[in-house]
Amino acid sequence: MRTLIVLLLLSATTSAIATENEQAASWLKKLSLSLKQLNFSTSFVVVKNNQAEPYHWFHGINENGKELEIISLLNGPRRDVLRKGGVVSYIEPELPPYSISTQQIMGPIPAIFRGDMSLISASYDFISVGRSRVLGRPAQLIRIVSKDQHRFGYWLWLDQESSLLLKFALITRTGQLLEQVQFTHLEITKNASENLQQLETAELPKISEVSKSFQENDMAWQVDWLPNGFKKIKANRHRISSTKQPVEFMLFSDGLVNVSVYINKSIDKERAVEYVMDGATVVLNQVKKGFEVSVVGKIPSKTAKAIADSIILLPPTIKND
Amino acid sequence: MSESKFETVSSCVDNYQQNDAAFDDNFDEICKDSHLSDTWERYHLMGDIIRNDVPASLQFDLSAQIAAAIDSEPTILAPKVAAIKSNSFVKELRGRVVQFAKPFGQIAIAASAAGIMVLSVQQTNVAKNDTNVPQQIIQTNPFGGSAEPVSFNYQQADRKSQKQAYIQQQRRFQALLSDHHQQIKLNATSIDNENNVLPEKGEKPE
């Protein structure tokens, strides 16, 4: 009898968890639809390292069903991202303006939020936690929790009415807050805002083609260990723009988080591991046997260290230019 | 006049005070006049009775008892302020000195303000010369920590190289961070070319 009750209880809790997960997944689906379909103008503040960066974000659909989007940083030198359908332009102080043919804006909002979140369900659990009040609206809290200890989690507060973002935060497994994005204003309108209508007539910079020869694949090294779900997105040789240091580079992604790995020959023989945290982004750097290895991404420093240590140089064809 | 005195007493009992000269004068007189003091007492008693707030045993002579107690206490012999005349002379002199010294004091304040300005301007100039040092945006944490040299002769030279190594390190970190963001932006292409789905390339062992 007792075992039966225990079993019943167990099945009840597991089914409750299952429905919670389903709820969370449907919330995230609604979020991605809202981010693609609604006309909204909103402001948010990225808070990290005791600093706050304010942004404006406009999104809208024109009469032809084309998406228009603007994300601009409001403090300091201008940093704007403009999108017209499948062309994204970046206006930044470091580089002349350039455009890329893509639908994804790589900015303070993770691109996957408007994509298919089920793609990352192998590495993350989605949990619907509860309700609270954010930005003066009733909000639903959804947690995106890593299935292993090698990643951070995301907490999302979504508007109950529109499913749009009201707040999100990067949080360690022990509950420490690393970075958060707090929305300070949200307006959903019937038509695209005036700024977006201006964008429609504006001319964007020319699309810069990323030449295929630039994307080399034959590296003389490989990364032996990565957390589950990370895939190699690209590999190339390039120079780091500010230091002109030539590097061999690989980019990995688990769909939510990007991790860059750099290798170059160093004048030092050995250098102990050093790392810094920029909010949730770790920058880790070490020199081993004359090779400098760097790992950058929104991952715990332990994970970055493990990735750096797992790099194998392939002996026969070590090329260095 | 006495009418207004009674009024003053009444308003004092009600804890209602006016801030005018007539009130103050009346108040002083009330304090001196024993008849009015009795009135004060009586008013309070009436108030207490109306409020049904009378103590079990009425002590009409409480203030008198306290006064008697104070009288019976030994007198403390404080030295009286003597020689008022000489004091007034000192006061006058001091006033003159102050009058005389005032402008100097003002000049001193102005001079020190100017001095601070000169100092701070110089300091900001010094800070400007330092602009090629990259701003520390991020806090470095050594993994495990490293040994510090102990010797005294050692430090001077070492600190310089340490600072330089630190600047180098900050530069390196900043360069890597901005390159990482750049590469992510450029990468958006390859994701979209494959229909918005992450490429399932897998790790290609060479």
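Residues numbered from 1 in each chain as written. Chains lettered and ligands numbered in written order. Predicted model: local features only at pLDDT ≥ 70, side-chain atom pairs only at ≥ 80, totals over all residues. Heavy atoms only, no water.

J.: An account of the overall build of chain B is requested, with residue identities and associated values reported.
T.: Scanning chain B from terminus to terminus reveals six helices and one strand. Secondary structure elements of chain B, listed N to C terminal, follow the sequence α-α-α-α-α-β-α. Per-residue burial over chain B gives 17% buried out of 206 residues. For chain B, long-range pairs separated by at least 24 residues make up 61% of all intrachain contacts whose partners lie at least 6 apart in sequence. Element-wise, carbon and sulfur atoms account for 58% of the exposed surface of chain B, whose accessible area totals about 16500 Å². (Helix = DSSP H or I, 4+ residues; strand = E, 2+ residues; numbered from the N terminus. Buried < 20%, exposed > 50% of the residue type's maximum accessible area, 1.4 Å probe, protein only. Contact = heavy atoms within 4.5 Å. Areas by Shrake-Rupley, 256 points an atom, 1.4 Å probe, with all protein chains shown as cover.)

J.: Give me the lowdown on the overall build of chain A, citing residues and values where you can.
T.: Along chain A, the regular secondary structure elements total three helices and 19 strands. On chain A, roughly 15400 Å² of surface is accessible, and the fraction owed to carbon and sulfur atoms is 54%.

J.: Describe in detail the pairing of strand β2 (residues 51-61) of chain A, supporting the description with residues and values.
T.: All names here are of chain A. Across nine bridges, strand β1 (residues 39-48) lies against β2 in antiparallel orientation. Its bridge partner lying in β2, V47 is registered against A52. Taking the residues that link successive antiparallel strands as the turn, the β1-β2 hairpin has two residues, and the phi of N49 there is positive, at about 50°. Relative to strand β3 (residues 67-73), β2 is paired through seven bridges, and the arrangement is antiparallel. Paired with W57 across the strands is I71, a residue of β3. The hairpin turn running from β2 into β3, its antiparallel successor, is five residues long, and G65 in that turn takes a positive phi close to 80°. (Pairing = 2+ DSSP bridges.)

J.: Which residues make up the nonpolar core, and what values do they have?
T.: Residue and element names in this part refer to chain A. F44, F113, I144, L156, L165, L256 and I299 are the most contacted members of the largest nonpolar core, which totals 89 residues. Looking at this core, the element that brings in the most residues is strand β10 (residues 165-171), giving six residues. In this structure, I70, L82, L199 and L204 belong to the second largest nonpolar core, which totals eight residues. (Core = buried A, V, L, I, M, F, W, Y, C linked by side-chain atoms within 4.5 Å.)

J.: Lay out unusual backbone geometry in plain terms, naming residues and giving numbers.
T.: With phi around 55°, A:L135 is a residue other than glycine that occupies positive phi space. Following the sequence through the fold, A:L135 ends up in the loop between β7 (124-134) and β8 (137-146).

J.: Any details on the pattern of salt bridges? Residues and values, ideally.
T.: Residues and elements named next belong to chain A. Tallied over the full model, the rule gives 20 salt bridges over all chains. A salt bridge links R78 to D80, with the shortest nitrogen-to-oxygen separation between them at 2.8 Å. The partner of D309 in a salt bridge is K288, with the nearest N and O atoms 3.4 Å apart. Within this pair, whereas D309 is found in helix α3 (residues 301-309), its partner K288 is found in strand β17 (residues 281-288), the two being separated by 21 residues in sequence. Residue K288 is classed as partly exposed on the basis of its relative accessible area, which comes to 43%. (Salt bridge = Lys/Arg side-chain N within 4 Å of Asp/Glu carboxyl O.)

J.: Explain empty space enclosed by the protein to me, and be specific about the residues and the numbers.
T.: Residues and elements named next belong to chain A. As enumerated under the stated definition, the model contains one cavity of 30 Å³ or more in all. Within this model, the largest cavity holds a volume of roughly 90 Å³. Lining the largest cavity are L35, W57, E69, I71, Q104, I105, I109, P110, A111, F113 and R114. (1 Å grid on protein atoms, 1.4 Å probe; cavity = no way out; pocket = protein on both sides within 12 Å on 5 of 7 lines; lining within 4 Å. Points joined across faces, edges and corners; volume = space filled by probe spheres on them.)

J.: Run through the environment of A:R131, naming residues and quoting values.
T.: Residue and element names in this part refer to chain A. One can find R131 in strand β7. Remark: the alpha-carbon pair of R131 and Q160, spanning 29 residues in sequence, is separated by 8.8 Å. When near neighbours in sequence (up to four residues on either side) are disregarded, R131 contacts A139, Q140 and Q160. Separated by 3.4 Å, the side chains of R131 and Q160 make a polar contact. (Polar contact = N/O pair within 3.5 Å; in protein donor to acceptor, adjacent residues only side chain to side chain.)

J.: So what's going on with the packing of aromatic side chains? Which residues, and what values?
T.: All names here are of chain A. One pass over the structure, following the stated rule, counts eleven aromatic pairs over all chains. Taking 5.1 Å as the distance between ring centres and 45° as the angle between the ring planes, the aromatic pair formed by F44 and F183 counts as tilted. Taken together, the residues F44 in strand β1 and F183 in strand β11 (residues 177-189) connect sequence positions 139 residues apart. Across the pair, exposure class does not vary: F44 and F183 are buried alike. (Phe/Tyr/Trp six-rings, centres within 6.5 Å; stacked < 30°, edge-to-face > 60°.)

J.: Before we move on, can you summarise the pairing of strand β4 (residues 79-84) of chain A with the specific residues and values?
T.: Residue and element names in this part refer to chain A. When you tally the buried positions in β4, you get five out of six residues, the bulk of the element. As paired strands, β3 and β4 are joined by six bridges and run antiparallel to one another. Directly across from I70, in β4, lies its bridge partner L82. Counting the residues in the hairpin turn of β3 and β4 gives five residues, including G76, whose phi is positive at 75°. Hairpin connection, β4 to strand β5 (residues 87-91): the antiparallel pair is bridged by two residues, and G85 has positive phi, about 60°.

J.: Let's hear about a nonpolar patch on the surface: which residues, and what values?
T.: On the surface, a nonpolar cluster with roughly 280 Å² of combined accessible area is contributed by B:L62, B:I66 and B:I70. A relative accessible area of 53% means that B:I70 is categorised as exposed. (Patch = residues over 30% accessible without salt bridge, like charges linked within 9 Å, V, L, I, M, F, W, Y side chains within 5 Å.)

J.: How would you explain the side chain of B:D179 if you had to name every residue and give the values?
T.: Relative to the helices and strands, B:D179 is located in helix α6 (residues 152-193). For the buried B:D179, no salt bridge exists, and the shortest N-O distance to an oppositely charged side chain is 8.4 Å, to A:K234. A distance of 2.9 Å separates a polar atom in the side chain of B:D179 from a polar atom in the side chain of A:H238. The contacts of B:D179, once residues within four sequence positions are left out, are A:H238, A:R239, A:I240, A:S241 and A:Y262. (Lys, Arg positive; Asp, Glu negative; His and termini not counted.)

J.: Can you break down the sheet that holds β10(A) residue by residue, with the values?
T.: Residue and element names in this part refer to chain A. Pairing in this open sheet of eleven strands is antiparallel, and the strands run β6-β5-β4-β3-β2-β1-β11-β10-β9-β8-β7 from one edge to the other. Edge positions in the sheet fall to β6 (98-101) and β7, since each has one partner strand and no second. Strand after strand, the sheet turns through a mean of 15° between neighbouring axes, direction not considered. Of the strands in this sheet, β2, β3 and β4 touch helix α2 (residues 194-201), which is tilted by about 110° from β3. (Axes fitted to C-alpha atoms, helices over the stretch in contact; angles between N-to-C directions.)

J.: Tell me about helix α3 (residues 34-50) of chain B, and name the residues and values.
T.: Along an α-helix, residues three or four apart share an orientation, since each turn contains 3.6 residues. All names here are of chain B. Taking 1.5 Å as the rise per residue, α3 with 17 residues should run 24 Å; its terminal C-alpha atoms sit 24 Å apart, in good agreement. Buried within α3 we find L36, T39 and G47. Looking down the long axis of α3, one finds its buried residues gathered within 75° of arc, a one-sided arrangement. Counted as exposed and oriented over 90 degrees from the buried face of α3: S34 and I49. Once α3 finishes, N52 follows within two positions and takes phi at roughly 60°, a positive value. (Expected span 1.5 Å × (residues − 1). Arc of directions from axis to C-beta.)

J.: Tell me about the environment of A:V45, residues and numbers included.
T.: With respect to the helices, strands and loops of the structure, A:V45 is situated in strand β1. If we ignore the near neighbours within four places in the chain, the residues touching A:V45 are A:A52, A:E53, A:P54, A:Q180, A:V181, A:Q182 and A:T184.

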